[in-house]
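# Structural characterization, general
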Amino acid sequence: MRTPSLPYLLDNRTRIEWALGLARLLFGAVCLVNLLLHLDPAYREHFVAMIAADWAPGQPVWLMAYGHAMAALVTNLGVGIVVSMMVALEALLAFSLLSGWQLHRLAWVGVFYNLWLWSTVGGLGGPYITGATDPGTAIVYALGFALVLLTHGWRPLAAFRNGPVTVPARWKFTLARVLFGLLWAFDAYWKWQPEFLHGAGSYLAGSMVGQPHWVAAYIGFVLHVIQQVGVERFAVFTALAESALALSLITGVLIDLAMPLGVLYSLAIWSTAEGMGGPYGAGFTGNKGDVLGTASIYAIVFLLLIAARAERRLASARADAHCITPQ
């Protein structure tokens, strides 16, 4: 088998860096939409009430106490001040994602900021009782920022490079893949619960409430198709699909097939069960945590992993090419 030439490898390196950059820019665009939603005065008005996710029925006592403490802290500091600080931070993170400026440092801020959102507004994804199907939204954003770090995803365009530009180590790609796989495994666990297997249709029907006519019509069409196939068959397929994605990500088996299929599957979930992030109200969306959907970020994470996987393979090919003795 012929080893690729160095000019060919360098040209492909440029394409991969652009692919990493485009995935990161998509992430930044979503964060920018969330920022614009949070600028609405209505977001400030209902922010403290959103922390009530921590003391919803079914949550652990310690999490309820933490939620009350956070709500009291926000109230004492002043809701306006806290939300203004959040908006400023989100603006900085969105700018960093879109430009690449200091992203190798600010992505750490994005990780911890979204973990805080997940623990307050997101209620750690709970309560994990009948009807729970995923670990929440902000945790996926935290993972997105973590994968930007692990894949060195701050390198989209030559004009915006900051920090080291070396290929990420193999262990970083493996860690990113496994972390994402564990999140899918958590999702898959809840899909295997009887409440979902026997009531998947009701979850999909619930995503139509409050949506624009065209979104509701689209979801209604998908629901009709599912009913023709059989709701329980569809639920089992969903559980199997998420289990397979989790297994592939954790073990690396068939990963080159699983990742592009994961993009398509995530977008299918986002456009149906998540209603494209809606319904949209004044300063918020229908998703817990006021973020632009969850599965949309799953798709972006898959794109980051696809580019990082291609880069790892290219790095191996470049090493082989450099070792060739000229004839």
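The model shown is predicted, which means the values in this text are computed figures rather than measured ones. (Residues numbered from 1 in each chain as written. Predicted model: local features only at pLDDT ≥ 70, side-chain atom pairs only at ≥ 80, totals over all residues. Heavy atoms only, no water.)

## Looking at the overall build of the chain
Counting its secondary structure elements, the chain contains 13 helices and zero strands. In the chain, the order of α-helices and β-strands from amino to carboxyl end is α-α-α-α-α-α-α-α-α-α-α-α-α. Carbon and sulfur atoms provide 72% of the accessible area of the chain, an area that totals close to 15300 Å². (Helix = DSSP H or I, 4+ residues; strand = E, 2+ residues; numbered from the N terminus. Areas by Shrake-Rupley, 256 points an atom, 1.4 Å probe, with all protein chains shown as cover.)

## Some remarks on the environment of A65
Inspection of the secondary structure assignment puts A65 in helix α3 (residues 61-77). Distance from A65 to W55, taken between C-alpha atoms, is 7.7 Å for residues ten residues apart in sequence.

## So, the nonpolar core
Looking at soluble globular proteins, one finds that nonpolar side chains tend to be buried together. Among the nonpolar cores identified, the biggest contains 67 residues, and F27, F47, F180, W184 and L305 are the most heavily contacted of them. The contact partners of L305, leaving out residues within four places of it in the chain, are L147, F173, A176, R177, F180, L249 and M259. In terms of nonpolar packing, the next biggest core, distinct from the first, is built from six residues, L204, V222, L223 and I226 among them. (Core = buried A, V, L, I, M, F, W, Y, C linked by side-chain atoms within 4.5 Å. Buried < 20%, exposed > 50% of the residue type's maximum accessible area, 1.4 Å probe, protein only. Contact = heavy atoms within 4.5 Å.)

## Description of the packing of aromatic side chains
Two descriptors summarise a pair of aromatic rings, namely the distance from one centre to the other and the angle between the planes of the rings. By the definition in use, this model includes 15 aromatic pairs. With 5.8 Å between their ring centres and 50° between their planes, Y43 and F47 make a pair best called tilted. Of this pair, Y43 and F47 both sit in helix α2 (residues 41-50), separated by four residues, roughly a single helical turn. Each of the two residues, Y43 as well as F47, counts as buried. An aromatic cluster is present here, built from F180, W184, Y265, Y298 and F302 joined pairwise through their rings. Taking NZ or CZ as reference, K191 lies 5.7 Å from the ring centre of F196, over its face. (Phe/Tyr/Trp six-rings, centres within 6.5 Å; stacked < 30°, edge-to-face > 60°. Lys NZ or Arg CZ within 6 Å of the ring centre and 35° of its normal.)

## Some words on a nonpolar patch on the surface
Taken together, the side chains of W171, L175, L179, L182 and I250 make up a nonpolar region of the molecular surface, amounting to roughly 450 Å² of accessible area. In terms of residue count, the dominant contributor to the nonpolar patch is helix α7 (residues 170-191) (four residues). Along the chain, L175 turns up in helix α7. (Patch = residues over 30% accessible without salt bridge, like charges linked within 9 Å, V, L, I, M, F, W, Y side chains within 5 Å. Salt bridge = Lys/Arg side-chain N within 4 Å of Asp/Glu carboxyl O.)

Shape descriptors only; they carry no functional weight alone.
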